[in-house]
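Reading the structure
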2 protein chains.
Amino acid sequence: MIFTQQWIGYRIVDGVREKGFSATVPGNIQYDYAVAHDFPDVMHGANCRLFEGLENNTWEYRTVLQFEKHEGERVYFVSHGIDYRYDILLNGRTLLSREGIFTPVDLDLTDELVGHDELCVRIHPHPKRADADYGRSEADHSCKPPVCYGWDWNPRLLISGMWQEAYIETRDADDLGMCEVRYCLSDDLSRADVEILTSCASDCLITLTDAQGEAIYCGRKKRFSVANPQLWWCNGQGTPYLYTWKIENAKHKQYGKVGFRRVRLVRNTGAEDPQSFPKSRYDVPFTLELNGRRIFMKGTNWVNPDLFWGRITAERYESLIRLAKDANMNIFRMWGGAGPCKSAFYELCDEYGMLVWQEFMLACNDYPDNDHYLSVLKEEATAIITALRSHACLAFWCGGNELFNGWSGMTDQSLPLRLLNSLCYELDREHPFLMTSPLVGMGHGGYLFYDGSTEMGGDVFQVFARSSNIAYTEFGIPSMASIELLEQIIPADERFPVRETESWLLHHGLKAWKPQSHVCPEILEHYWGEPKSLSDMVEHSAWLQSVGYLASFEEMRRQWPHCSAALNWCYNEPWITAANCSILSYPDLPKPAYFSVQSALRPVMFSARIPKFDWRAGETFRAGIWLLNDTQSAVRANVKVLLRIGAQTIPLLTWEGAEAAVNSNTEGAQVCCVLPHVDADEMTLCLQSENGLSSSYRLLYRCPVPEEKRTRTMNQ
Amino acid sequence: MIFTQQWIGYRIVDGVREKGFSATVPGNIQYDYAVAHDFPDVMHGANCRLFEGLENNTWEYRTVLQFEKHEGERVYFVSHGIDYRYDILLNGRTLLSREGIFTPVDLDLTDELVGHDELCVRIHPHPKRADADYGRSEADHSCKPPVCYGWDWNPRLLISGMWQEAYIETRDADDLGMCEVRYCLSDDLSRADVEILTSCASDCLITLTDAQGEAIYCGRKKRFSVANPQLWWCNGQGTPYLYTWKIENAKHKQYGKVGFRRVRLVRNTGAEDPQSFPKSRYDVPFTLELNGRRIFMKGTNWVNPDLFWGRITAERYESLIRLAKDANMNIFRMWGGAGPCKSAFYELCDEYGMLVWQEFMLACNDYPDNDHYLSVLKEEATAIITALRSHACLAFWCGGNELFNGWSGMTDQSLPLRLLNSLCYELDREHPFLMTSPLVGMGHGGYLFYDGSTEMGGDVFQVFARSSNIAYTEFGIPSMASIELLEQIIPADERFPVRETESWLLHHGLKAWKPQSHVCPEILEHYWGEPKSLSDMVEHSAWLQSVGYLASFEEMRRQWPHCSAALNWCYNEPWITAANCSILSYPDLPKPAYFSVQSALRPVMFSARIPKFDWRAGETFRAGIWLLNDTQSAVRANVKVLLRIGAQTIPLLTWEGAEAAVNSNTEGAQVCCVLPHVDADEMTLCLQSENGLSSSYRLLYRCPVPEEKRTRTMNQ
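Everything quoted here is computed from the prediction, not taken from an experiment. (Residues numbered from 1 in each chain as written. Chains lettered and ligands numbered in written order. Predicted model: local features only at pLDDT ≥ 70, side-chain atom pairs only at ≥ 80, totals over all residues.)

Counting 450 residues, the largest nonpolar core has Met354(A), Val356(A), Ile625(A), Met354(B), Val356(B) and Ile625(B) as its most contacted members. Beyond its immediate chain neighbours, meaning those up to four positions away, Met354(B) contacts Asn235(B), Ile321(B), Ala324(B), Lys325(B), Met329(B), Asn330(B), Ile331(B), Phe332(B), Cys349(B) and Cys393(B). (Core = buried A, V, L, I, M, F, W, Y, C linked by C-beta atoms within 7 Å. Buried ≥ 20, exposed ≤ 12 C-beta atoms within 10 Å, placed from the backbone. Contact = placed C-beta atoms within 7 Å.)

Residue and element names in this part refer to chain A. Overall, the prediction assigns chain A a mean pLDDT of 96, with 98% of residues at 70 or greater. Long-range and interchain partners of residues 709–716, a stretch whose pLDDT sits below 50, account for 17 contacts in this model, where long-range means more than four residues apart. ipTM for the predicted complex: 0.95, alongside a pTM of 0.96. (pLDDT = per-residue confidence, 0-100.)

Pairs of packed helices are described in terms of their axes, by the angle between the two and the distance that separates them. Contact geometry of helix H5 (residues 415–428) of chain A with helix H5 (residues 415–428) of chain B gives a least axis separation of 9 Å together with a crossing angle of 120 degrees. Like other packed secondary-structure pairs, H5(A) and H5(B) cross with a definite hand, here left-handed. Contacts from Arg418(A), Leu419(A), Asn421(A), Ser422(A), Tyr425(A) and Glu426(A) in H5(A) reach Arg418(B), Leu419(B), Asn421(B), Ser422(B), Tyr425(B) and Glu426(B) in H5(B). Here the contact of H5(A) with H5(B) is composed, by residue class, of four nonpolar, four polar and four charged. (Axes fitted to C-alpha atoms, helices over the stretch in contact; angles between N-to-C directions. Helix = DSSP H or I, 4+ residues; strand = E, 2+ residues; numbered from the N terminus. Left-handed = near helix turned anticlockwise from the far one by under 90°. Nonpolar A, V, L, I, M, F, W, Y, C, P; charged D, E, K, R; others polar.)

What follows concerns unusual backbone geometry. Residue and element names in this part refer to chain A. Following Trp 560, the chain continues into Pro 561 via a peptide bond in cis, with omega recorded as 5 degrees. As for its placement among the helices and strands, Pro 561 is situated in the loop between helix H10 (534–558) and strand S32 (565–568). The omega torsion across Tyr 586 and Pro 587 is -10 degrees, close enough to zero to call that bond cis. By secondary structure assignment, the location of Pro 587 is in the loop between strand S34 (584–585) and strand S35 (589–590).

Attention now moves to the domain arrangement of chain A. Partitioning chain A into domains gives domain 1 (2–171), domain 2 (180–263), domain 3 (297–600) and domain 4 (604–702). The gap between the C-alpha centroids of domain 1 of chain A and domain 2 of chain A is 36 Å. (Domains from an automatic or database assignment.)

All names here are of chain A. Here five strands make up an open sheet; going across it, the order is S37-S43-S42-S39-S40 and the pairing mixed. Strands with a single pairing partner mark the edges of an open sheet, and in this sheet they are strand S37 (614–616) and strand S40 (648–660). Averaged over neighbouring strand pairs, the angle between their axes works out to 25 degrees when direction is ignored. Pairing between S37 and strand S43 (residues 695–702): three bridges, direction parallel. Among the inter-strand pairings, Asp 614 is bridged to a residue of S43, identified as Leu 700. (Pairing = 2+ DSSP bridges.)

Moving on: the relation of the copies chain A and chain B. For the match of chain A to chain B, the screw axis carries a shift of 0.0 Å, the RMSD comes to 0.0 Å, and the turn is 180 degrees. One copy is carried onto the other by what is essentially a two-fold rotation axis. Nearest to the rotation axis, the C-alpha of Ser422(A) is located 2.2 Å from it, this being the minimum over chain A. Same-surface contact between copies: 100% of interface residues of chain A are shared with the interface of chain B. (Least-squares fit on C-alpha atoms with pLDDT ≥ 70 in both.)

So, about the sheet that holds strand S15 (residues 215–219) of chain B. Residues and elements named next belong to chain B. The four strands are arranged S15-S14-S17-S18 in an open sheet whose pairing can be described as antiparallel. Each end of this open sheet is capped by a strand with a single partner; those strands are S15 and strand S18 (253–258). Taking the axes of each pair of neighbouring strands and ignoring which way they run, one obtains an average angle of 10 degrees across the sheet.

This part is about the packing of helix H2 (residues 314–326) of chain A against helix H3 (residues 343–352) of chain A. Residue and element names in this part refer to chain A. Viewed as axis vectors pointing N to C, H2 and H3 meet at an angle of 30 degrees, and their least axial separation amounts to 9 Å. Between H2 and H3 lies a crossing whose hand is right-handed. Of H3, the residues touching H2 (which contributes Ala 314, Tyr 317, Glu 318, Ile 321, Arg 322 and Lys 325) are Ala 344, Phe 345, Leu 348, Cys 349 and Tyr 352. Its residues placed into classes, the contact of H2 with H3 shows eight nonpolar, no polar and three charged.

Taken together, the contact pairs 45 residues of chain A with 45 residues of chain B. Listed by contribution, the elements that provide at least two residues to the side of chain A that touches chain B are H5 and strand S27 (442–444) of chain A. Considered class by class, the residues forming the side of chain A that touches chain B number 20 nonpolar, 16 polar and nine charged.

What follows deals with helix H2 (residues 314–326) of chain B. All names here are of chain B. Spanning 13 residues, H2 covers 18 Å between terminal C-alpha atoms, matching the ideal 18 Å at 1.5 Å per step. By the burial criterion, the buried members of H2 are Tyr 317, Leu 320, Ile 321, Ala 324 and Lys 325. Buried residues of H2, seen end-on, are gathered within an arc of 140 degrees and therefore sit on one face of the element. The inward-facing, buried residues of H2 contact strand S22 (297–302), strand S23 (331–334) and helix H3 (343–352). Of the residues flanking the end of H2, it is Asn 328, one or two places downstream, whose phi is positive at about 65 degrees. (Expected span 1.5 Å × (residues − 1). Arc of directions from axis to C-beta.)

And the structure:
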């Protein structure tokens, strides 16, 4: 039996416990405190700064335990995770001291109970390495997710507390314990050998039911086989088929879902040895093979969906996951700066067919080889692996973000990463493990629509057409929030012109990464001159982000099968930013670019390789026309290509009977025309087809000296 | 007490045991059989083929046990390793069945003994994967070292048997068991925290003595500290300082050596992130840091020193190790095709200051993810790691040879390599671990003096000057054996002209790798036209190998600190080859190139970067002059550079007061002159200095139309 408790929170200042306040579990104690003390809206202006005053406090949750206990039962305090360094005291006596956020608590209180019992969870101040600079490196000797120390889209806002469910549980001798269903698929996928893990000593009845409610197995053996199982497929490749398992004895029942599938990372097509001596090695294997089928990973980078993780609900996850599925995505990269989500997230991904690339909570830091850190990491990683390894959605493990880059400084020899490899091997060798992203051949960045600072720059149309990575696992283009959201976060007197006021700075509008990020006024000015209004800026930055993501995702898909993945940075955001590379505004509001990404990731579509974004009258416009297909059916379709400039429509090409084989792209002809002089400031390349295969690209057009005579050339 | 036994060997053919023969332990049963049956010299002609007839037999070693047992003692059969799949039977009853070559046997026979006991070690036929092609891939599902299935310098000659020591040991209750001394150095290297591992339950006295015989510690604690320990250094960097430990109780003693040092692999200088987006990662860390000092790895690839490993003695190892030390080397790469040596090898390397890069027994195959293979590999690797981890000479572990190249096909996700990383982490995290060589940035090859087949080819002077690898961990130039050795192995009627006879083919003279390898008549002809005699060929190929290794090693040293290692392929050979890239002929005879390598690896020396090997009269000759220094002292020296062609000596440069800082190289001026017309067919660039810093390079010179007038230009 489970008994939820009522908790009172306390802030301890200089050893003195302040007046208590109502604390929500799951939740974050700083949030509870802010609510109780009428903090103004954290989203607005510089209000998030108020939390800085709470950084170095100790906190307590207290409750007088409420539960009923029957003869022979034992009483446990259970929590799915407490953030971060804490003691658990019963009637003033410390029963457990621990460091970590993901390791569950399962504490037998029985022998300590006196009848009127006060439980206290005391949370110590956030870890901060003494000699570290202010920022994420303060967390580089701990397993505290570094994102809350400040990132270029997350303000510094340090949270802690009982972020996961916590309750009192009474258990009798027949308790089932933690049940887990493991399986092994035969090489040809025609048989699943299932094994039930349970700590229950007594006899259990085990039932496996298919999605139609038909019992596939019912018996008392803990090992059995399923012949010809329905396989679990990710979004776009088939049904995310789940079976239901039930384990029961005379008194207890547990339910869960299991999806049968096999995941591998195999060598990318064309990942060959260097041709000449001295020979190095081929690129790392990064093509996802699901149930023996090579799949292009279309997805995005997931970040913590809230500043206050504790209050995230399954509904919030579901809304975000559904939007990703609707955008034709098949994978989330769970970026290491924040670490794993609550279990509801993975259950929903199982159901929606969203694959999960799961990172551990290491990012952009040089985590040390020291024994204390390694022992905490071992405990935390063990908890994570054990909790997630049986989810159908799990694609592979990854040590963390950008650890083999100059700003981090770890290497293949770093013991934390060797430990993670070792644990994943030992506890879950069915899933691949990467030490970090990017590895050799994979690429991160850029994060601007246009970069004029280097020879290898240009706009995103140019950058990615020139790249030949095996995977693009981060790339970003920022846009500003909508006017409505900006009005919510930036005080009226700071809004325009955009400048380095506290609100713009705190909301990552300027100096978030590059001096001009993420509003990037320089880039807007490069294309449209000095901005006339905030709404002009918002409109233009949305345009750049939309067409930029369209061009990037489609280019990466055209590079299949050498390239096997395109995941933009990033999907969502933890609060309302003034500007960000995300395609959703907080909490789950699609930006215009969301719809471009949705378009660029359609399973079958016509696509254009366009050399650049901005064009001038008189220039020769060219574009290569492709038919993209990542389905298991061959496709055949027709397309008309035309260019619209102002009132003019220029037919460029008709491609009849374009064909693309299963999971393949076909390159068609290249269109070409000299751009006429038209009184317009944009043009649209249209690929007109049927059955949802049409595409269009809104490009910049300039006609500096409008001419009477409208030039027009066609060349099919 | 140890009791050696007399063994009789038996060949089993079609289930029938043939007449017995005397078997030597340690040894190889096929060798014993050959001796007993008067096989002709295995080195000569095609005699090695005779062993093919023994490939599929079962073998037995039998002995009637001889030992004395006191009251209360137990009786063990001990072996340090038996090759490869075997049963151990006592009086006809199977006590142990095992697969593996490195896992020791420690078998308590006591309760099975009857008084007159026959022990039998039955060796099963060599593993051969059923559907594999003839050759190394037959061993790709087993831990049998693949080299004996045939390599381009090792004939196919499959051996097995009791290759390591084996004996009967009686033990009382106070037996010390396996003792091991582990330690941890403080970050600043000023303190070693020592821990004694022993399975002995009774109280032991522990003594640690320095090299002068002074006791540093004497007591009964199993953990103690040594303040300011003398550190162990590799050859060229200091003394390979060893302490002696002694563990004793009332009845028993064990001795051993321990050297205190810390080894790391750190990022190479200049291993930076890519400059532009999308960014991948920096190169793998491959600069050896010994006791905090960055060291250039100068060394070579060690292969099995005999076809019959069982008969290799400590004396044979010592002769080879001393030659490497004398050649100014500091590291051996223990190539994975053969796996580890006997323990004497590592004890000698500890003593001589030779670092050891130890690979597991995987090479050029795609080892599978299957459970049986993984379980054997786990047992074997555990034995290897445990046996070698405490040796001062051990630099780092490596999964095996060229596993991430097209001809092997493994990846970072291959479970055997993840298992090895995991085991090394668990049992010996003090040493780095590489999955394979080469990794990103490292280079293997080429293996020819001259390659005209690709654009990136040319002679070795050109190839390596153009390369910018972080390490050259294999590169080879072949030469022929001496006339005396060729007479020993090639029957007189086959010797000249060199052609595809059985002896030349079997001894790797032709078609060993490339069609012309390793004699490479095409390359000799490219420089000198059609060969007139065998001795001409031998002389020319020795010249190419000598000057080629000189140029290559020196070029790699000049690329320090971006490049951190130069190890030629290979050092030694297991039998007399007709031609090979080794610098020693079997068993330990220096080829002329040995002395070039010795010269190229002097700690301090003048060195010339010469653009190519062959020159013509009238061409402009150039060379860059360098002072190389990998010592811990700054150096200052003078050098005169001159060119000798026939009777002419052309002074080119005097560089007075050249200076090189600690562990650094200095580039001086470039010399330049138009080559005169002289009646000569070679020329020598001489760098004349004092104190052993002089160098010289013998180059090809051609003067097709000798002229009366001798042109000479000087330009300093």
